[in-house]
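Each chain, letter by letter, is given below.
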Amino acid sequence: MSRSRAACNLLCLVAGTATAAEGYLDMHVHTAGIGAGGSGAFVGAEMRSDLRFRFYLRAFGVSEEQLEAEGDGLVIRNISTQVAESEQVARAVILAMDGVVADGELDRDATQFYVPNDFVAAEVGRYDNLCFGASVNPQRHDALARLEQAQTDGALLVKWIPNVMHFDPADPAFESFYRKLVELDLPLLSHAGKEQAFPDARDDYGDPRRLELPLSLGVTVIAAHIATTGKNEGEDNFERILPMFDEYPNLYSEISSLTQINKLNYLKRALDVPGLDERLLYGSDYPLQFFPLVSSLWHLRHIEVGTARLVGSIRNQWDRDVALKRAIGTPEHVFARSAELLDVGRCVSVTHRR
């Protein structure tokens, strides 16, 4: 391949049709903290002693010492800086993460990872390229009030990982919670499929079929990762979720993490399902976008070697993520849909108000 053609191919992969002013919205970006600077965030003892804790710190590009010195807001500041440098992604939704709840209150001992809503809402309000994603465990005694506060604070969605928050989305006791989501026009982004990022998970709670109750009540549900990985009732979760898109017009999913080595070929499989791309949104699952979890070379079954090398040479994590997914065949409207489905104006108005 000539250098000029290679440069053209790289330009097409990186530039696409997005611009810095009108870039995409990444609706699946994580943050974390150790309580530094009074954030209220924490990592549970089991998770903190796990090898994955150090791995995640490296993924966020911080050390414990840096967090202690500058506060947990450093992670969010770094995300804002990297998004600002992206030629593709203009904004990112930063996700809070509620914990395990017992008797209506947070159970700190059982919670592996906690990032409070008020911390995330306050921090993203400092940056015009970040939006707030709330997290509320429906078992909290004040869950409905927390949803109302989240909307007031500009939340674009509510995020769950039932597998590690230890509750069943199909529990009829949550009906009032789901009706409140509809009333507040807050989509629900719920992890679906097996959860491999934490040492303790109830993967039966990740069965996408357990999301049928909120769907039946009219909640806009975004089942994360298209329920890739894991099985329930002897059936692959990915296969379990596919018929649900015909059954529920308010069901969406997203393509975050689908280039990771543990999910090889799933993105291409999803794009080959007729009509499924019309229900997919763009997300990255930041910070898990780097080697060895993600490499363009893992996808040589679907992209050429030269293309893989060009994608791998892209420095910015978001531009590289978009380029790899685009190279595998993700159409433009999938990248654009996050900003179309979610009310970006909500986070912009809150930021300006702050």
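Predicted, not measured: the structure shown is a model, and the values here were computed from it. (Residues numbered from 1 in each chain as written. Predicted model: local features only at pLDDT ≥ 70, side-chain atom pairs only at ≥ 80, totals over all residues. Heavy atoms only, no water.)

Engineer: Give a description of the overall build of the chain that names residues and reports values.
Structural biologist: Scanning the chain from N- to C-terminus turns up 16 helices and 14 strands. Rg of the C-alpha trace for the chain: 19 Å, near the compact-globule value of 20 Å for 354 residues, within the 12% margin. Here the C-alpha coordinates of the chain stretch approximately 65 × 50 × 40 Å along the principal axes. Sequence-distant contacts in the chain: of pairs separated by 6 or more residues, those separated by 24 or more amount to 79%. Accessible surface, the chain as shown: approximately 14,400 Å² in total, 48% of it carbon and sulfur. (Helix = DSSP H or I, 4+ residues; strand = E, 2+ residues; numbered from the N terminus. Rg over C-alpha atoms; globule rule 2.2 N^0.38 Å. Contact = heavy atoms within 4.5 Å. Areas by Shrake-Rupley, 256 points an atom, 1.4 Å probe, with all protein chains shown as cover.)

Engineer: Account for the confidence of the model for the chain, with residues named and values stated.
Structural biologist: In the predicted model, the chain carries a mean pLDDT of 92, and 92% of its residues have values of at least 70. Below a pLDDT of 50 lies the segment residues 1-8, which in the model reaches three contacts outside its immediate sequence neighbourhood of four places, other chains included. (pLDDT = per-residue confidence, 0-100.)

Engineer: Requested: an account of the packing of helix H7 (residues 143-152) against helix H9 (residues 175-184), with residues and values cited.
Structural biologist: Two elements in contact, H7 and H9, have axes separated by 10 Å at closest approach and are oriented at 20°. As summarised for this structure, H7 and H9 are arranged roughly parallel, according to the angle between their axes. Remark: the crossing between H7 and H9 carries right-handed chirality. Judged by residue contacts, Ala143, Leu144, Leu147, Glu148 and Gln151 of H7 engage Ser176, Phe177, Lys180, Leu181 and Leu184 from H9. Here the residues of the contact of H7 with H9 are counted per class, giving six nonpolar, two polar and two charged. (Axes fitted to C-alpha atoms, helices over the stretch in contact; angles between N-to-C directions. Parallel < 35°, antiparallel > 145°, perpendicular 65-115°, else oblique. Left-handed = near helix turned anticlockwise from the far one by under 90°. Nonpolar A, V, L, I, M, F, W, Y, C, P; charged D, E, K, R; others polar.)

Engineer: A description of the packing of aromatic side chains should follow, citing residues and the corresponding values.
Structural biologist: Counting across every chain of the model gives 14 aromatic pairs. Plain terms: the ring middles of Phe238 and Tyr266 are 5.5 Å apart, the flat faces sit at 65° to each other, and that makes the pair edge-to-face. With Phe238 in helix H11 (residues 237-247) and Tyr266 in helix H12 (residues 266-271), this residue pair connects regions lying 28 residues apart in the sequence. Of the two residues, Phe238 and Tyr266, both sit in the buried class. A connected cluster of aromatic rings, assembled from ring pairs, spans Trp160, Phe167, Phe174, Phe177 and Tyr178. Seen from the ring of Tyr205, Arg202 lies directly overhead, with NZ or CZ sitting 4.2 Å from the centre. Across the ring face of Phe335, the terminal group of Arg326 is positioned such that the distance to the ring centre comes to 5.3 Å. (Phe/Tyr/Trp six-rings, centres within 6.5 Å; stacked < 30°, edge-to-face > 60°. Buried < 20%, exposed > 50% of the residue type's maximum accessible area, 1.4 Å probe, protein only. Lys NZ or Arg CZ within 6 Å of the ring centre and 35° of its normal.)

Engineer: Tell me about the environment of Leu147, residues and numbers included.
Structural biologist: Positionally, Leu147 belongs in helix H7. The spacing of Leu147 and Pro292 is 145 residues in sequence and 37 Å in space, taken between C-alpha atoms. Sequence-distant contacts of Leu147, defined by excluding residues within four places in its chain, comprise Val136, Val158, Phe177, Lys180, Leu181, Leu184 and Leu186.

Engineer: So, H7: which residues are in play, and what are the values?
Structural biologist: Every α-helix winds through 3.6 residues per turn, so residues three or four apart in the chain are directed the same way. Looking at H7, one finds that the buried residues are Ala143, Leu147 and Ala150. Along the axis of H7, the buried residues cluster in a sector spanning 60°; they form a single face. Looking one or two residues beyond H7, the residue adopting positive phi is Gly154, at roughly 95°. (Arc of directions from axis to C-beta.)

Engineer: Can you explain the pattern of salt bridges? Please cite residues and give values.
Structural biologist: Counted according to the given criterion, the structure contains 22 salt bridges. A salt bridge links Arg337 to Glu278, with the shortest nitrogen-to-oxygen separation between them at 3.3 Å. Note that Arg337 is positioned in helix H15 (residues 332-341) and Glu278 in the loop between H12 and strand S14 (280-281), a separation of 59 residues in sequence. Here the residues in one salt-bridge network are Asp168, Arg202, Asp204 and Arg210, joined through shared partners. (Salt bridge = Lys/Arg side-chain N within 4 Å of Asp/Glu carboxyl O.)

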